[in-house]
Structure formats: C-alpha cells, structure tokens
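Residues per chain are reported as follows:
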Amino acid sequence: MKKAFITGISGQDGSYLAELLLDKGYDVHGMIRRSSSFNRERIDPIFASHPNKKNLTLHYGDLADGSSLNRLLRTLKPEEIYHLGAQSHVRVSFDIPEYTGDITGLGTIRILDAILETGINTRFYQASSSEMYGKVLEVPQKETTPFYPRSPYGAAKVYGYWITVNYREAYGMHASNGILFNHESPRRGESFVTRKITRTLARIMAGKSNELSMGNIDAKRDWGYAKDYVEAMWLMLQAPEGDDYVVATNETHSVREFLDIAFGLVGRDWNDYLKVDPKYFRPTEVDLLIGDSSKAQKKLGWKPKTSFKELVTLMVREDLKLEGLDPDRLMKL
Ligand code: NAP
Ligand code: GDD
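Looking now at the domain arrangement of the chain. Split into domains, the chain comes out as domain 1 (3-184 + 223-247) and domain 2 (193-220 + 252-287 + 306-330). Each side of the interface is counted separately: domain 1 has twelve residues, and domain 2 has 19 residues. When the two sides are added together, the surface that domain 1 and domain 2 hide from each other amounts to roughly 1400 Å², 63% of it contributed by carbon and sulfur. The largest per-residue losses of area from domain 1 upon contact with domain 2 belong to Arg91, Arg150 and Trp223, which jointly make up 51% of the total buried on that side. Remark: the boundary between domain 1 and domain 2 carries six residue pairs in polar contact (both at pLDDT 80 or more). Taken together, the elements giving at least two residues each to the side of domain 1 that touches domain 2 come down to helix H4 (90-93) and strand E10 (224-225). Partitioned by chemical class, the residues of the side of domain 1 that touches domain 2 number four nonpolar, three polar and five charged.

Below is the structure:
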C-alpha cells in the first residue's frame, strides 16, 4: 500500500485528492492545523462514508512550524507528498503580505528541506498557480511563459515554484510544479468569486438575501472543475521524472459570464441584485488568464472532463440543495 502525505487536506483540493487516493487504495495522511473553530467540514464526510476511510489519518502540524513538518516526514516516510497548504486568497494577501510570504512561499522550502534533512525517498508535488503569470506576457499561458505576479500571493507562489525547480536540479528530487489555473467546485471556499456567486444566488432563492456585493466583474479566468484537476496532480507524481505542467481548460470566461449562466439557470437577472463594492477590488488585478495545457495532455494523458457550463450548473445545484431547495424544480436545464 502506497503512503501519501497531503498538506492542506482540509481545503477544497485536499479533500478531493484524499478521496482520489483512497479510491486508489493509498494509505493517506493529512496535516491539519489547530483552530478554535471547526475546519474539517470537507474531511468529515470522508471519515463518515468512504469505503476506505480506515486508511485516512490526520495529524496536527503547521506550515509555519518546520519542526512539526520534519517530525511528520521522519515518522511517516511517505512515498508521495502533495503540498497544497497555503494562504490561498489573493485579495487577502494584500492585507497579510508577510504571513502569505511565510506560509505560501517559505512553507514550500520547509517541506523540501525536511525531505532533504530526513533523507526520505519521496516524490513531491508543489501547488503552483496561474496567478504567477499575473500581468500576462503571452496569451495563452504555457510552461515557458515568463511570470509577472501581481500580488503578494502570486509572488510567494513564484518563490515556491523556483525553489521546487531548484531542489529538483540540485538534489535530483522527483519534484513537480502543477501550474493550475482556477478550479472550482461545490467545496470551493465561500469568499472566492464563483462560490460567492452560487452561494448568494441560493440564499436569494431562499429569500434570505437580496444583494450580491462584488468587485471587478470584467476579470477573465480559465475555470475548471477541482475534481478533474486533482487527477493531474496524481498523474504528475506517477511520471518517470519530475517536471512542470500547466493544468487548464484552454478557455476563458469573465465573471460577468459566470453571473449570466448562474442566474440564468434559475430565471433571474443578476443586475437586479448586484452592488459594486470597492472593497472587493485589488490594488493590482490579473485581468486575463487562459492556459494551454497541451503538455499535460500529451505527456500525462490528462484532459479536463467538465465544461464551464457544467461546472456552473453543478455548483448552483449543490448550493440550492444546501439551502433546502429543490434544484430540479427551480433550474431550467
Ligand atoms: P484552500 O481551499 O484555501 O485550502 C488551503 C489549505 O491550506 C487548507 O487546508 C488550509 O487549512 C491550509 N493551510 C492554510 N494555512 C496553513 C498553515 N499555516 N499551515 C497548514 N495548513 C495551512 O485552497 P485550494 O483551493 O484547495 O488550493 C490548494 C492549493 O492550490 C493552494 O496552495 C492554492 O494556493 C493552490 N492553487 C489553487 C487554485 C484554485 O483555483 N483553487 C489554483 C492554483 C493553485 P485550513 O482549512 O485550516 O484553513
Ligand atoms: N473573491 C472575489 N470576490 N473575487 C471577485 C469579486 C468578489 O467579490 N468580484 C470580482 N472578483 C474577481 C477578482 O478581482 C478576480 O479577478 C476574479 O474575480 C477571481 O477571484 P477569486 O475567485 O478570488 O480567484 P483568484 O483568481 O484571485 O485566485 C484563485 O485562483 C488562483 C489561480 O489563478 C485562488 O484560488 C488562488 O489560490 C489561485 O492560485
């Protein structure tokens, strides 16, 4: 039985990846941080119902705490490490830039160096991001496109990317960067734009809200489905050598288009609810992201399975259910 270690297991991607690895028969170990409030909503359903739930174990640790990382790697000796933990919110990174640099940037070197220090034989996945392309220097963005980050988060991810490349080259580690473009799901954090829209829409339908406060709705993103994207992470660690891959749908859509589809599905007009609030604008914005994932398609055999429309539909559906509403009655498909 292969053993995997996941940082950020309580996040959107961590929960889907844990399920995928349990499905494949892995012994899965995840790191969670201590919190005074509950942070296991995405993990508890796995403990409740996954057929291989006995193969999932959680451990306390923190990306700010190198000694906990060292101890966990020394004792667990995982064959695969998926490093997904991060302060992952771009807007928030402008408010807590030093913390973001520490967790999102230095967190990566703490793990890489723990691998080196403990001498374990493992493969490493770094959750790199399309935010590194920022003010894009090429359209579409691919592995060779230069980076131009536009936020403390993007800059921290550029550090994580290069230190991963450096440890691969310096110490011969099997270390890979997945440069993932935005990916969403019903498990997406509620302050990211897609989930904020579908969650608020469901609350509007339930009569609990009549307002949607947003920032820049002209921004364009390459949005895929998180469940499809965790497969690419796994495929990277099965490849004979570590490498860097763009993972994207190769399509771009504006926030406006997301609003059109989501509200259109339940016969509402978002213009009736939208309030533009300056607090959601960023000091520097990333206007356009669109990825070219042909390398991942060719070398890993990975391709996205879920279309933009299907993604919006499944998110609206799940959020309506969360409000106790019947999607089959409310949605026009
Ligand atoms: P997410 O839902 O925000 O999850 C982040 C995870 O990191 C959570 O489990 C969080 O724990 C954990 N974490 C935060 N600070 C930590 C700390 N100090 N120590 C240990 N763990 C900590 O993010 P996601 O959407 O799943 O994304 C996963 C990774 O991919 C992140 O690195 C993100 O930056 C990157 N990424 C995401 C996308 C995307 O579109 N989703 C695209 C490209 C790259 P708590 O639950 O306790 O907060
Ligand atoms: N969050 C948010 N809230 N974004 C808004 C809002 C709002 O009310 N209104 C407009 N937007 C715009 C943002 O300005 C941005 O251009 C776009 O919607 C997407 O914002 P987010 O959903 O917060 O995602 P992100 O693109 O900034 O970052 C996500 O994707 C990255 C990959 O490109 C995060 O998941 C990052 O962790 C990830 O690396």
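Let us now look at the packing of aromatic side chains. Evaluated as defined, the whole model comprises twelve aromatic pairs. When the ring of Tyr167 is compared with that of Tyr171, the centres are 4.9 Å apart and the planes differ by 65 degrees; the resulting orientation is edge-to-face. With Tyr167 and Tyr171 both in helix H6 (residues 152-171) and four residues apart, the pair spans about one turn of that helix. Residue class for Tyr171 comes out partly exposed when judged on its relative accessible area of 46%. Here the guanidinium or amino end of Lys24 rests over the ring plane of Trp234, the centre of that ring lying 3.8 Å away. Between the NZ or CZ atom of Lys196 and the centre of the ring of Tyr280, over which it lies, the distance is 3.3 Å.

Okay, the environment of Ser176 next. Checked against the element boundaries, Ser176 lands in strand E6 (residues 174-180). Remark: the alpha-carbon pair of Ser176 and Gln297, spanning 121 residues in sequence, is separated by 16 Å. For Ser176, the residues in contact, after removing those within four places along its chain, are Phe124, Tyr125, Gln126, Thr164, Arg168, Met236, Gly242, Asp243 and Asp244.

So, about the side chain of Ser93. Structurally, Ser93 can be placed in helix H4. Judged by relative accessible area, Ser93 falls into the buried class, the value being 0%. From its side chain, Ser93 meets the backbone oxygen of Val90 in a polar contact 2.7 Å long. In this structure Ser93 touches Gln87, Thr100, Ser151, Pro152 and Tyr153, once residues within four positions along its chain are discounted.

Turning our attention to the nonpolar core. Within the largest apolar cluster, 64 residues are counted, with the highest numbers of intra-cluster contacts made by Tyr82 and Phe263. Here the element with the most residues in this core is helix H8 (residues 226-238); it accounts for eight residues. Both domains that meet at this core, namely domain 1 (3-184 + 223-247) and domain 2 (193-220 + 252-287 + 306-330), each give it at least three residues. Among the nonpolar cores identified, the runner-up in size contains 20 residues, and Leu63, Ile115, Met173 and Ala175 belong to it.

What counts as what
- For every chain, the first residue of the written sequence is number 1, and numbering continues from 1 along that sequence.
- To label them, take the chains in the order written and letter them from A, then take the ligands in the order written and number them from 1.
- In view of the model being predicted, local features appear only for residues whose pLDDT reaches at least 70, and side-chain atom pairs are presented and counted only at 80 or more, with totals across whole chains, interfaces and linings using the full set of residues.
- Derived side-chain values reflect all non-hydrogen atoms in the structure, with water molecules and hydrogen atoms excluded from consideration.
- Just so you know, the domain bounds were taken from an automatic or database domain assignment.
- The contact criterion used throughout is that any non-hydrogen atoms of two residues lie within 4.5 Å.
- Once two parts are put together, the accessible area they lose, assessed with a 1.4 Å probe and summed over both, is termed the buried area.
- Polar contact is the term for a pair of N or O atoms within 3.5 Å; when the atoms are in protein, one must be able to donate a hydrogen and the other to accept it, and sequence-neighboring residues count only if both atoms are side-chain atoms.
- To qualify as a helix, a DSSP run of H or I must reach at least 4 residues; to qualify as a strand, a run of E must reach at least 2; elements of each kind are numbered from the N terminus.
- Here the term charged refers only to Asp, Glu, Lys and Arg, the term nonpolar to Ala, Val, Leu, Ile, Met, Phe, Trp, Tyr, Cys and Pro, and the term polar to all other amino acids, Gly among them.
- The aromatic pairing rule takes the rings of Phe, Tyr and Trp, using the six-membered ring of Trp, and pairs them if the centres are within 6.5 Å, calling planes under 30 degrees apart stacked, those over 60 edge-to-face and the rest tilted.
- The rule is simple: take the accessible area with a 1.4 Å probe, protein chains only, and divide by the maximum for that residue type; under 20% is buried, over 50% is exposed, in between is partly exposed.
- Geometrically, a lysine NZ or arginine CZ counts as sitting over a ring once it is within 6 Å of the ring centre and also within 35 degrees of the ring normal.
- Grouping buried Ala, Val, Leu, Ile, Met, Phe, Trp, Tyr and Cys residues that are joined through side-chain atoms within 4.5 Å yields what is termed a nonpolar core.

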